[in-house]
Structures are given as C-alpha cells and as structure tokens.
Amino acid sequence: MKIFAIVGWKNSGKTGLVERLVSEFCDRGVAVSTAKHAHHAFLGDRRGTDSFRHKAAGAREVLIASDNRWAVFGSGMEVGLRELFGKLSQVDLLLLEGFKSEDFPKLEAYRSETSVEPIARRDRSVLAVASDVALNGLDVPVFDLDDTGAIADFVLANCRAAF
C-alpha cells in the first residue's frame, strides 16, 4: 500500500482537495482509502463531516484519529499511527488528510485567505504545494489548487510504501 499526505492550515482547502483526489483516483481505477487527523473529539460519521465527504467521494474506508480517539468508517473496527493504518484493508493508496508532523511525503493545500506562511517554506517533507495564488520563492512545484488531474499525477509519482 502506498501512502501520501495532504496537509495545510485550517481552511486551506485540504478536505475539498482530498475529496476531488479520491474521485479522480477512483475514476482511474486506483483503490484508495483515506485517513484524517482530528485535533478534537469527534462524534462519528455524519452528513457534512470531512469523513462523510471522503466516503461519499468513493473512499473504501476512512480512518479518523485524534489524540484520544480514532475510528474507521466503512469496515467497522475499534492504537501508534502505523498500527491504525494496519487496521485498514489493503488498497493501492492511503491518502492522508492532515498528519503534518508525521514523516510521510506531503502536498500542501494553501489558500491566500489563511494569511499564514506556507508550511513548505520550513518542512522538507512537503514535496509540492497546491495553491489558489502564485507563490514565489518555494523550492517545490506549485500547482493550481483546482488542477486535480495534475495533482493526482504528482501524488501517484511521489507516494511511497506505507510500511
């Protein structure tokens, strides 16, 4: 199973990008599951939540984790992060949303309205940025945030084995 993370600050477009990527990968015949990092307690998979959106986009399973709780939606199971990932069924790609402090290859979602410095300026594990504005002075490729096809190509070319 290959793994790749989509990271970014709050309201940077991560969930929408993950949602579009899941659909794109499914259209390409890539079996994909997602895992989402949560900074808070969560109640479960409900309409409108990020995990619900991932599942609706076509993810076979969705893992959501915070410091004190985790859940896998889609298979029904109830641990370190890699152990949690090991609870998922084998797929071609495990697409992470968040987990920016973990050591996985990453693409940053960036929106100018966040008014925060891009993570890519200080984190070498961010291999590219998908942005709604031109970003100068970065040492990584910058994609248009809405160019899902090009971003999907980059993810597939740069993901790595999960274990």
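The structure contained in this document is the topic of the report that follows. (Residues numbered from 1 in each chain as written. Predicted model: local features only at pLDDT ≥ 70, side-chain atom pairs only at ≥ 80, totals over all residues. Heavy atoms only, no water.)

### Let's talk about a negative patch on the surface
Together, E113, D132, D144, D146 and D147 give the surface a local cluster of negative charge. As for its position among the elements, E113 is in the loop between β6 (106–110) and β7 (126–131). (Patch = residues over 30% accessible without salt bridge, like charges linked within 9 Å, V, L, I, M, F, W, Y side chains within 5 Å. Areas by Shrake-Rupley, 256 points an atom, 1.4 Å probe, with all protein chains shown as cover. Salt bridge = Lys/Arg side-chain N within 4 Å of Asp/Glu carboxyl O. Lys, Arg positive; Asp, Glu negative; His and termini not counted. Charge placed at Lys NZ, Arg CZ, Asp CG, Glu CD. Helix = DSSP H or I, 4+ residues; strand = E, 2+ residues; numbered from the N terminus.)

### A look at the pairing of β7
Taken across its 6 residues, β7 has 5 buried, putting it largely inside the fold. Note that β6 and β7 share 5 bridges and pair parallel. Bridge pairing in β7 links E108 to V129. (Buried < 20%, exposed > 50% of the residue type's maximum accessible area, 1.4 Å probe, protein only. Pairing = 2+ DSSP bridges.)

### Some remarks on the pattern of salt bridges
One pass over the structure, following the stated rule, counts 5 salt bridges. Across the salt bridge formed by D153 and R28, the nearest N and O atoms sit 2.7 Å from each other. One connected set of salt bridges, linked through shared partners, spans E24, R28 and D153.

### So, helix α2 (residues 50–57)
Residues S51, H54 and A57 constitute the buried set of α2. The buried residues of α2 occupy an angular sector of 125° when the element is viewed end-on, so they sit on one face. (Arc of directions from axis to C-beta.)

### Section: the side chain of H54
Summarising the element assignment, H54 is placed in helix α2. Side chain to side chain, H54 and T34 meet in a polar contact 3.0 Å long. Residues in contact with H54, not counting those within four places in the same chain, are T15, V18, V22, T34, K36, A59, V62 and E97. (Polar contact = N/O pair within 3.5 Å; in protein donor to acceptor, adjacent residues only side chain to side chain. Contact = heavy atoms within 4.5 Å.)

### Observations regarding the packing of helix α1 (residues 14–27) against α2
Between α1 and α2, the shortest axis-to-axis distance is 8 Å and the interhelical angle comes to 20°. Of the possible angle classes, the one that applies to α1 and α2 is roughly parallel. In this structure, the crossing between α1 and α2 has a hand that is right-handed. Side by side, α1 and α2 meet where T15, G16, V18, E19, V22, S23 and C26 of the first sit next to D50, R53, H54 and A57 of the second. (Axes fitted to C-alpha atoms, helices over the stretch in contact; angles between N-to-C directions. Parallel < 35°, antiparallel > 145°, perpendicular 65-115°, else oblique. Left-handed = near helix turned anticlockwise from the far one by under 90°.)

### So, the pairing of strand β2 (residues 32–37)
In terms of burial, β2 is largely enclosed, as 5 of its 6 residues are buried. In the sheet, β2 pairs with strand β3 (residues 62–65) via 4 bridges, with the strands oriented parallel. For H37, the partnering residue across the bridge sits in β3 and is A65.

### Considerations on unusual backbone geometry
The residue N11 is not glycine, and still its phi comes out positive at about 65°. Judged by relative accessible area, N11 falls into the exposed class, the value being 52%. A positive phi is found at S115, a non-glycine position, where the angle reads about 55°. Topologically, S115 is positioned in the loop between β6 and β7.

### Looking at the side chain of K14
When you line up the elements, K14 lands in helix α1. Comment: no salt bridge for buried K14; closest opposite-charge side chain is E97, at 5.0 Å. Among the polar contacts listed, one links the side chain of K14 to the backbone oxygen of W9, at a separation of 3.1 Å. Those residues within four positions of K14 in sequence are excluded, and the remaining contacts are I6, V7, G8, W9, E97 and A109.

Honestly, that's just the spatial picture; any functional story needs more than this.
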